[in-house]
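Listed here are the chains, written in short residue letters.
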Amino acid sequence: MAMIMDDIFGYAKDIRSRIAEEEKRMGHFNIIVTGKTGVGKSTLLNAVFREGIAVTGIGRPVTRRTRMIEKQGVPLRIFDTKGLELGGTAQEAVKADIFELIDWQLKTKDPDKFIHAIWYCINTTSDRIEEEEIRWINELATKNGHDVPVIIALTKTISRKKGLALKSQIENMNINVRGVVPLLASPYEVDIGDEVKTVQPFGLTELVGVTLQVVPESAANALINAQNVDIGLKGKRARKWLAGFAGTNFAAGFTPFPIADAPILITTEITMLAKMTTIFGIDMDKGMLAAVVSAIVGCSGATFGGRAAAVNLIKLIPGAGTVAGGLINGATAAAFTVALGEAYIAVMTRIARGELKREQMSEQQFIGEIKDIFMEKFTHAKLPVFS
Ligand SMILES: Nc1nc2c(ncn2[C@@H]2O[C@H](COP(=O)(O)OP(=O)(O)O)[C@@H](O)[C@H]2O)c(=O)[nH]1
Ligand SMILES: [Mg+2]
């Protein structure tokens, strides 16, 4: 047992460095957010991205009229333009700044620094959309010359009917934008007679979805991590990886040296958890690291104990005893990986949704959550049939 505990801490260190590695590999999502002052840019950014980025992030000027906001641990760079007023020198200056910024980032030749999208915000409650503004958006979308996709966010949409009307009005203008999304970023209170009614936020998931469709694959993971409105996207991405990892383990079971598989399996599992942690954007340093690794060990005779324990675990799976040795190992590894991955995704999802408060749970409770789901999935795992 003491030896196993030593291993836990050894592997915990390994996980931490792997997370750092995975974070580096994930890169950044870089977005320009523009529109007239007061349209709700900051409110939108805080609603879409994790950790109240526009309030708590660190902003620094990059050009005269744009500043870059970023925050440690969030793979996101927001370029927020200031003081866009239409029909004057300020408008020209902002335009020049945006083009300069796009060029500047391209000159680095580092795709991780390129601008991936532009959100242009228009306030739905304002009376009508001005010609001037449409011309400006069109210029932004066509003259940037580098195919940076522009998406229009119709902010402060209190009346959905009005939002949809404005959306189709803009779409009929045939301007070169990749999407028009009516939304309300934070709850809006309206007085109706003596009653106060609250209009609930909406449209944020759509905005993220439309954006995800137009950004390069290299920025997609960072966007999925940084956004906090569609937790399902994180689970979906993690599940896609899980399929790959389970495949790796499965193949490992077919090597001529089944007993030597254990270290490969452990490495695979650690890498998988590290990768999943990065897509959820949950900070693993805050006491959670040891808990997760303990959970793996606690449930994982198969990987830590090598083949003998794997055979014991197989007894949990009905009918598995009839399969030949090497095959059993591979199939078990795959089933184990799937169960662990699914359990981890389920718990990460609940944490990301705020349903589980990690800080308020004991380590044991936390382990229990993962272990319960793991055992449930593992004992019901269907093994592939060999003939
Ligand atoms: N209730 C509500 N208020 C909003 C929303 N978006 C913006 N606002 C308000 O509009 C004002 C300007 O918003 P802000 O985000 O600072 O605009 P910015 O200048 O474009 O960054 C603030 O008082 C916000 O609280 C929204 O979705 N709901
Ligand atoms: Mg602002």
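Our structure is the block above this text.
1. Notes on the overall build of the protein
Counting its secondary structure elements, the protein contains 15 helices and 9 strands. By the burial criterion, 50% of the 387 residues in the protein qualify as buried. Contacts spanning at least 24 positions in sequence make up 70% of the contacts within the protein whose residues lie at least 6 apart. By element, 54% of the accessible surface of the protein is carried by carbon and sulfur atoms, the whole surface being about 18,400 Å².

2. Overview of the pattern of salt bridges
Opposite charge on two side chains allows them to pair when their charged atoms are near. Applying the stated criterion across every chain, the model contains 13 salt bridges. Between Glu 130 and Lys 36 there is a salt bridge; the shortest N-O distance is 2.8 Å. In this pair, Glu 130 sits in the loop between strand 5 (117–123) and helix 5 (131–143) while Lys 36 sits in the loop between strand 1 (29–35) and helix 2 (41–48), placing the two residues 94 residues apart along the sequence. Residue Glu 130 is classed as partly exposed on the basis of its relative accessible area, which comes to 33%. Residues Arg 350 and Glu 369 are paired through a salt bridge, measuring 3.0 Å at the closest nitrogen-oxygen approach. Taken together, the residues span a long stretch of sequence, with Arg 350 in helix 14 (residues 325–352) and Glu 369 in helix 15 (residues 363–379) at a distance of 19 residues. Here Arg 350 falls in the partly exposed class, since its relative accessible area comes to 29%. Glu 369 sits in the partly exposed class, given a relative accessible area of 23%.

3. Focus: the packing of helix 2 against helix 7 (residues 204–214)
Across the interface, helix 2 lies against helix 7 with an axial gap of 10 Å and an inter-helix angle of 85 degrees. Between helix 2 and helix 7, the crossing angle belongs to the class labelled roughly perpendicular. Across the interface between the two elements, Leu 44, Ala 47 and Val 48 from helix 2 touch Leu 204, Leu 207 and Val 208 from helix 7.

4. Thoughts on helix 8 (residues 217–226)
Two residues of an α-helix separated by three or four positions point the same way, owing to the 3.6 residues in each turn. Burial within helix 8 is extensive, with 8 of its 10 residues counted as buried. Those residues of helix 8 that sit buried are Ala 219, Ala 220, Asn 221, Ala 222, Leu 223, Ile 224, Asn 225 and Ala 226.

5. Remarks on the side chain of Thr 278
As for its placement among the helices and strands, Thr 278 is situated in helix 10 (residues 261–280). Residue Thr 278 is classed as buried on the basis of its relative accessible area of 3%. Beyond its immediate stretch of four places on either side in the chain, Thr 278 contacts Ile 19, Glu 22, Glu 23, Met 26 and Asn 225.

6. Regarding the environment of Gly 57
You can see Gly 57 is positioned in the loop between helix 3 (53–56) and strand 2 (58–61). Of the residues examined, Gly 57 reaches a relative accessible area of 18% and is grouped as buried. Along the sequence, Gly 57 and Arg 77 sit 20 residues apart, while their C-alpha atoms lie 10.0 Å from each other. Those residues in contact with Gly 57 that sit more than four places away from it in its chain are Gly 52, Ile 69, Glu 70 and Lys 71.

7. Re the packing of helix 4 (residues 89–107) against helix 5
The interhelical angle for the contact between helix 4 and helix 5, taken along N-to-C directions, is 15 degrees, at an axis separation of 11 Å. Overall, the two elements helix 4 and helix 5 adopt an arrangement that is roughly parallel. Crossing angle aside, the handedness with which helix 4 passes helix 5 is right-handed. Between helix 4, through Gln 91, Val 94, Lys 95, Ile 98 and Phe 99, and helix 5, the contact on the second element is made entirely by Glu 132, Trp 136, Glu 139, Leu 140 and Lys 143. Of the residues assigned to the contact of helix 4 with helix 5, the class counts are 5 nonpolar, 1 polar and 4 charged.

8. Quick notes on the packing of aromatic side chains
Tallied over the full model, the rule gives 2 aromatic pairs. Considering the side-chain rings of Phe 49 and Trp 119, the 5.8 Å spacing of their centres and the 10 degrees angle between planes classify their relative orientation as stacked. Here the residue Phe 49 occupies a position in the loop between helix 2 and helix 3, and Trp 119 occupies one in strand 5, the gap between them amounting to 70 residues. When sorted by exposure, Phe 49 lands in the same class as Trp 119, which is buried. The interplanar angle of 80 degrees and the centroid separation of 6.4 Å between the aromatic rings of Tyr 120 and Trp 136 together place this pair among those described as edge-to-face. Of this pair, Tyr 120 sits in strand 5 while Trp 136 sits in helix 5; the two residues are 16 residues apart in sequence, bridging distant segments of the chain.

9. With respect to the nonpolar core
Nonpolar side chains in soluble globular proteins tend to end up buried together. The biggest cluster of nonpolar side chains holds 65 residues, and the ones touching the most others in it are Phe 29, Leu 44, Phe 49, Leu 76, Ile 78, Trp 119 and Phe 280. Here this core takes 11 residues from helix 14, the largest share from any one element. Of the domains in this structure, domain 1 (27–226) and domain 2 (230–379) are the two that each give at least three residues to this core. When residues no more than four places from it in sequence are discounted, the contact partners of Phe 49 are Phe 29, Leu 76, Ile 78, Trp 119, Leu 223, Ala 226, Gln 227 and Asn 228. Counting 29 residues, the second largest nonpolar core, distinct from the first, contains Ile 98, Leu 101, Trp 136 and Val 148.

10. A closer look at the side chain of Lys 41
Mapped onto the secondary structure, Lys 41 falls in helix 2. No salt bridge forms around the buried Lys 41; measuring N to O, its nearest opposite-charge neighbour Asp 80 is 5.0 Å away. A polar contact of 3.1 Å, which involves the side chain of Lys 41, links it to the backbone oxygen of Gly 35. Once residues within four sequence positions are removed from consideration, Lys 41 is found in contact with Val 33, Thr 34, Gly 35, Lys 36, Asp 80, Thr 81 and Cys 121.

What counts and what doesn't
- Residues numbered from 1 in each chain as written.
- Chains lettered and ligands numbered in written order.
- Predicted model: local features only at pLDDT ≥ 70, side-chain atom pairs only at ≥ 80, totals over all residues.
- Heavy atoms only, no water.
- Helix = DSSP H or I, 4+ residues; strand = E, 2+ residues; numbered from the N terminus.
- Buried < 20%, exposed > 50% of the residue type's maximum accessible area, 1.4 Å probe, protein only.
- Contact = heavy atoms within 4.5 Å.
- Areas by Shrake-Rupley, 256 points an atom, 1.4 Å probe, with all protein chains shown as cover.
- Salt bridge = Lys/Arg side-chain N within 4 Å of Asp/Glu carboxyl O.
- Axes fitted to C-alpha atoms, helices over the stretch in contact; angles between N-to-C directions.
- Parallel < 35°, antiparallel > 145°, perpendicular 65-115°, else oblique.
- Left-handed = near helix turned anticlockwise from the far one by under 90°.
- Nonpolar A, V, L, I, M, F, W, Y, C, P; charged D, E, K, R; others polar.
- Phe/Tyr/Trp six-rings, centres within 6.5 Å; stacked < 30°, edge-to-face > 60°.
- Core = buried A, V, L, I, M, F, W, Y, C linked by side-chain atoms within 4.5 Å.
- Domains from an automatic or database assignment.
- Lys, Arg positive; Asp, Glu negative; His and termini not counted.
- Polar contact = N/O pair within 3.5 Å; in protein donor to acceptor, adjacent residues only side chain to side chain.

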